[in-house]
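Chain by chain, the residues:
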Amino acid sequence: MPQRVRIVHLADLHLGFRQFQRLTPTGINQREADVALVFREAMDRLIALRPDVVLVAGDVFHAVRPSNPAILHAFRQFSRLRAALPDAVVCMVAGNHDAPKTTETGCILRLFTDLGVLVADSEPQRFEVPERDLAILAVPDTPAAQGIRLQPEGNARYNLLILHGEIAGVLPRGAQPGDRAATEIPVDALHASHWSYVALGHYHVYRQITPNAYYSGSLDYTSTNSWGERAEEREMDIPGKGFVERDLESGMHRFHPLVPRRTLVDLAEIPGREMSAAELNEAIRSRVDACPGGIEDKIVRLIVRDVPRHITRDLDPRAQREYKRRALHFQLDARRPEATRALGLGAPSRRPSLADMLESQLRARSLASDVDRDALVALGARYLRDAERLPVSRPAALMPEGE
């Protein structure tokens, strides 16, 4: 009778992720603490499931050089896993956030080999587990992995592929979850039908690629596109973040959602066209007051469309400070009216100002997770205003005679 093998697949832990400026009473960035707690809870759930194999598909840490608290927390949790499930096979690969840019720089994931974890950090590795009749091809997101033949080798009954990268043409536009590009792999190159299971990392939303190839998604909202991820999850009826359980013999497949430590709230948009500043203040207050359970300690966004710059400048600053004090983070995403261009003589048109173009570029730009976009836009606008106040000096060749 074939041996039953159950796996758990998780990815994109991003331990050490920091965002916003709020600290815990012990001085740790609040979002870093949130992510650490979610990972601990995931380990609790994982240990209770008692799988035979645990696959960690990259981006264990958010940075190549994570903070000491992040390293210590990860080591403690993986030590706890190995102690609770000493017979389980644990395998991890380096993701684009884990892998150093230079070969002489060592990868922090090597630390876990002392715990008996199978690690592929710099180049692809094939691991044989004869007692489970199992073989694993572990492919990290490094230049050495490019061009590797993604095919099983040997005679193992079960063959697993664990890989961190972007499957070409599969992910939605704008779904890039990090600030460092990942390896792109054509879906045909996976040869998914040849594998018992393909565990993918990099994309932060749970997603099926083929009947046996999946992104497990991240454990928390740790990308620069968290609002986009939320929209995708709602559209595809995915209950948030979590990890995958799979039985290789029966094909049983289950996504285990995790309860987020921090609530993300996208308040109902405000159509701000033709609103005065007083009317917009009242509309914002109404949206905030209508938030179920209040905005306290939540990550909150409120989009206001078609609002001219002079209106947003006149919004009540005390109210804005109040919202930011109550929420962990409050983002008022005020979007200017779209510029129209002339398509023919007499057609209405408005050329975007330099300030409009600056704001548009800053709002579209990918930012590090700890950069406050609103603050960056405000700083850019201030620099531009300061520059506009400087006296203009004209070259002598352009000055009229007599000046």
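Here the structure is a predicted model, which means the values were calculated and not measured.

Caption draft 1: Region of interest: the pairing of strand S3 (residues 89-93). Where burial is concerned, most of S3 is hidden: 5 out of the 5 residues are buried. Judged by which residues are buried, S3 turns out to be covered on both faces: Val89, Cys91 and Val93 on one side and Val90 and Met92 on the other are all buried. Here 4 bridges tie strand S2 (residues 53-56) to S3, and the two strands are oriented parallel to one another. Residue pairing in the sheet places Leu55 in a bridge with Cys91 of S3. With helix H2 (residues 68-84) bridging S2 and its parallel neighbour S3, the resulting β-α-β unit is right-handed. Note: S3 against strand S4 (residues 118-120), 3 bridges, orientation parallel. Counterpart to Met92 in the pairing with S4 is Val119.

Caption draft 2: Quick peek at the packing of aromatic side chains. Inspection of every chain in the model, using the stated rule, returns 9 aromatic pairs. Seen in terms of ring centroids, Tyr206 and Tyr214 are 5.9 Å apart; in terms of plane orientation they differ by 10°. Their pairing is stacked. There is no split in this pair, since Tyr206 and Tyr214 are both buried. Counting every residue linked through ring pairs, the aromatic cluster contains Phe39, Phe61, Phe75, Phe78 and Phe112.

Caption draft 3: Up close: the sheet that holds strand S12 (residues 213-215). Taking strand neighbours across the sheet as the criterion, the 6 strands line up as S5-S6-S7-S10-S12-S11 in an open arrangement whose pairing is mixed. Two strands lie at the open edges of the sheet, namely strand S5 (125-129) and strand S11 (207-210), each paired on one side alone. Pairs of neighbouring strands in the sheet enclose a mean axial angle of 20°, with direction left out of account. Pairing between S11 and S12: 3 bridges, direction antiparallel. Bridge assignment links Arg207 to a residue of S12, and that residue is Tyr215.

Rules behind the numbers
Residues numbered from 1 in each chain as written. Predicted model: local features only at pLDDT ≥ 70, side-chain atom pairs only at ≥ 80, totals over all residues. Heavy atoms only, no water. Buried < 20%, exposed > 50% of the residue type's maximum accessible area, 1.4 Å probe, protein only. Helix = DSSP H or I, 4+ residues; strand = E, 2+ residues; numbered from the N terminus. Pairing = 2+ DSSP bridges. Right-handed = clockwise from strand over helix to strand, strands pointing away. Phe/Tyr/Trp six-rings, centres within 6.5 Å; stacked < 30°, edge-to-face > 60°. Axes fitted to C-alpha atoms, helices over the stretch in contact; angles between N-to-C directions.

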